[in-house]
Amino acid sequence: MDLVAAAAAAILVLLAVAVAVPRTAASIHAYDLEPFREVGNSVLLSGGSEGIVASDPDARGPFRIEDGRAYIKFDNITFWRSKESAEQHSNMGHSTGLIQAIIFEASDRDNIGGSAYGGQRSICCTPDLAKLEGCKQGEVIRRPSSVDPNWPVILSTHFRADYIFTKMDPNQVNITKTGMYNLFFISCDPKLRGLTMSGKTIWKNPDGYLPGRMAPLMKFYFFMSMAYLALSFIWFAQYIRFWRDILPLQNCISLVIALGLFEMTLWYFEYLNFNDTGVRPIGITTWVVTVGAVRKTVSRLLILTVSMGYGVVRPTLGGLTSKVLLLGVTYFLASELLSITENVGTINDISGKAKLLLVLPDAFLDAFLILWIFTSLSRTLEKLQARRSSVKLDIYRKFTNALAVAVIASVSWIGYEVYFKATDPFSERWQSAWIITAFWDILSLVLLCVMCYLWAPSQSSQRYAYSGEAGEDDEEAQSLTKGTSDGNIGLVKLDKKERNADHADAFSLEDEAEEDKLE
């Protein structure tokens, strides 16, 4: 009860953290008096970063979600300066402070800023750079793109007289080239320290508001939902047909299938809503990632308990039950916190340090689980060999091989993921980034299909179950049947086997108790 209470309290804390996460309304980036920060000789605020597909050149007609248009729109953007800064200017001044909104594609990042005589790079034009670059002092340095001289785009907004706020004119920048676009609000005026901004920007792709690197995931989750649905039909058809012979293990597999179908369906509709409205409600996203964390936890505990031989070579987990549950609760909390931070209230990648801090506990727990799983599998295989249970032994060997392949694939993919991110610091390969996320869901489904195949419901399901007798295989039963044709010889053999079985059972129970203590 204490463990359950602790888990419930932890879940409530995580939900509270999710609600407290600052809300970025997805492709509608909202700013609520966001402060500018000093960078070099400027103050700036990041307005967002998204992959956007170029507008369809044939896009015509009224504006709608899937109209083929791609753009970044500025809506009710308001800049606020401090009262002290405003009082430094006359109430008759025409331009008393400049803020510039800069939109550039990742490949044009070197066209912003410059350096004089090989010194430190500056965003704003200095007297020396004005002579060298021909830029205008007090403004952002911009060099035209080699592809389109109109890019990067700079939109200027001026403070008037001694007002403490100014509004940016409504603007819409159409996107004619596919790329990773970045938006920054920058001021080169040293008197505008302490600048803040409110309002919103709307980023739209030709097919909707879903960011470019997330758009493929919506289709992916649709196909994953269909795959889980097909697996559900096949599995539950067998489950209903042989419901009298169902094992506890098969009930656990059924739960994982249901959770997987529920999770994939939720993700699809969450992305669909995101694409249609441009808003990602915190509550919905939080529940989606929570279902995902539950599914991951239950899947891992299922593999662990199967590896321990639960229901096959041992009737219960005994003293290991509390340890397994504690590991499950810990893994759920780590997975939930990581998922909330990555998905709830944000579309931009979280900082490397923050992500590393959250990924490490999750990775450590996965490594610990893998070690425990293979250690338990080794002991289970030894027990099955000692009992001469060839059918169960064959199943467990196939299961071990499948797990080994999954672990090798996981380690290889982690190496590729590290390489992918290390060689793409500016997310220029955003169109293929969805594969990184998709791989883990595909691997989970494949491993679940293997378990469904190995432990499919059938009229002979009970032969996989734990039995207090050694020699429980069909092959062993056939050998005993043949032995009876030799009269008393068969009875002598049968008597010897029964005595050996009793001895094996006593040894098995002692061994399980000792194993529980060791683990």
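Residues numbered from 1 in each chain as written. Predicted model: local features only at pLDDT ≥ 70, side-chain atom pairs only at ≥ 80, totals over all residues. Heavy atoms only, no water.

- With an unreviewed UniProt entry as reference, the chain is termed (wild Malaysian banana) hypothetical protein, source organism Musa acuminata subsp. malaccensis.
- For the chain, the Subcellular location (unreviewed entry) comment in UniProt is given as "Membrane". (UniProt positions renumbered as here; feature names shortened; annotations may be inferred.)

Quick look at empty space enclosed by the protein
And step 1. Summed over the entire model, instances satisfying the criterion amount to one cavity of 30 Å³ or more.
And step 2. Taken as a whole, the largest cavity encloses approximately 30 Å³ of empty space.
And step 3. Among the secondary structure elements, those contributing two or more residues to the lining of the largest cavity are helix H5 (248-277) and helix H6 (282-307).
And step 4. With three residues, the single largest contributor to the lining of the largest cavity is H6.
And step 5. A breakdown of the residues in the lining of the largest cavity according to their chemical character gives five nonpolar, one polar and no charged. (1 Å grid on protein atoms, 1.4 Å probe; cavity = no way out; pocket = protein on both sides within 12 Å on 5 of 7 lines; lining within 4 Å. Points joined across faces, edges and corners; volume = space filled by probe spheres on them. Helix = DSSP H or I, 4+ residues; strand = E, 2+ residues; numbered from the N terminus. Nonpolar A, V, L, I, M, F, W, Y, C, P; charged D, E, K, R; others polar.)

Observations concerning the UniProt feature "transmembrane region" (unreviewed entry) in the chain
And step 1. UniProt's feature table lists "transmembrane region" (unreviewed entry) at residues 220-240, 252-269, 354-374, 395-414 and 434-456, given in the numbering used throughout.
And step 2. Helix and strand shares over residues 252-269 are 100% and 0% respectively, and the end C-alpha atoms of the span are 26 Å apart.

What about unusual backbone geometry?
And step 1. A cis amide bond, omega -10°, links Trp151 with the succeeding residue Pro152.
And step 2. With respect to the secondary-structure elements, Pro152 resides in the loop between helix H3 (127-133) and strand E6 (153-158).
And step 3. Unusually for a residue other than glycine, Ala161 sits at a positive phi of about 50°.
And step 4. If you trace the backbone, Ala161 turns up in the loop between E6 and strand E7 (165-167).

Considering the pairing of E6
And step 1. Here E6 shows a buried face lined by Val153, Leu155 and Thr157 and an unburied face lined by Ile154, Ser156 and His158.
And step 2. Relative to E6, strand E5 (residues 98-105) is paired through six bridges, and the arrangement is antiparallel. Bridge pairing in E6 links Gln100 to Ser156. (Buried < 20%, exposed > 50% of the residue type's maximum accessible area, 1.4 Å probe, protein only. Pairing = 2+ DSSP bridges.)

Observations regarding a nonpolar patch on the surface
And step 1. A contiguous nonpolar patch, built from Phe222, Phe223, Met226, Leu229, Phe233 and Ile234 and spanning about 630 Å² of accessible area, is present on the exposed surface.
And step 2. Mapped onto the elements, Leu229 comes out in helix H4 (residues 215-241). (Patch = residues over 30% accessible without salt bridge, like charges linked within 9 Å, V, L, I, M, F, W, Y side chains within 5 Å. Areas by Shrake-Rupley, 256 points an atom, 1.4 Å probe, with all protein chains shown as cover. Salt bridge = Lys/Arg side-chain N within 4 Å of Asp/Glu carboxyl O.)

Structural notes on the pattern of salt bridges
And step 1. Tallied over the entire structure, the rule returns 13 salt bridges.
And step 2. One salt bridge in this structure joins Lys200 and Asp75, with 3.6 Å as the shortest N-O distance. Of this pair, Lys200 sits in strand E10 (residues 196-204) while Asp75 sits in strand E4 (residues 71-80), and the two are 125 residues apart along the sequence.
And step 3. A relative accessible area of 31% places Lys200 in the partly exposed class.
And step 4. Given the relative accessible area of 31%, Asp75 is considered partly exposed.
And step 5. Among the salt bridges present, the one from Lys177 reaches Glu105, with a minimum N-O distance of 3.6 Å. In this pair, Lys177 sits in the loop between strand E8 (171-174) and strand E9 (179-187) while Glu105 sits in strand E5, placing the two residues 72 residues apart along the sequence.
And step 6. Overall, the relative accessible area of 8% leaves Glu105 in the buried class.

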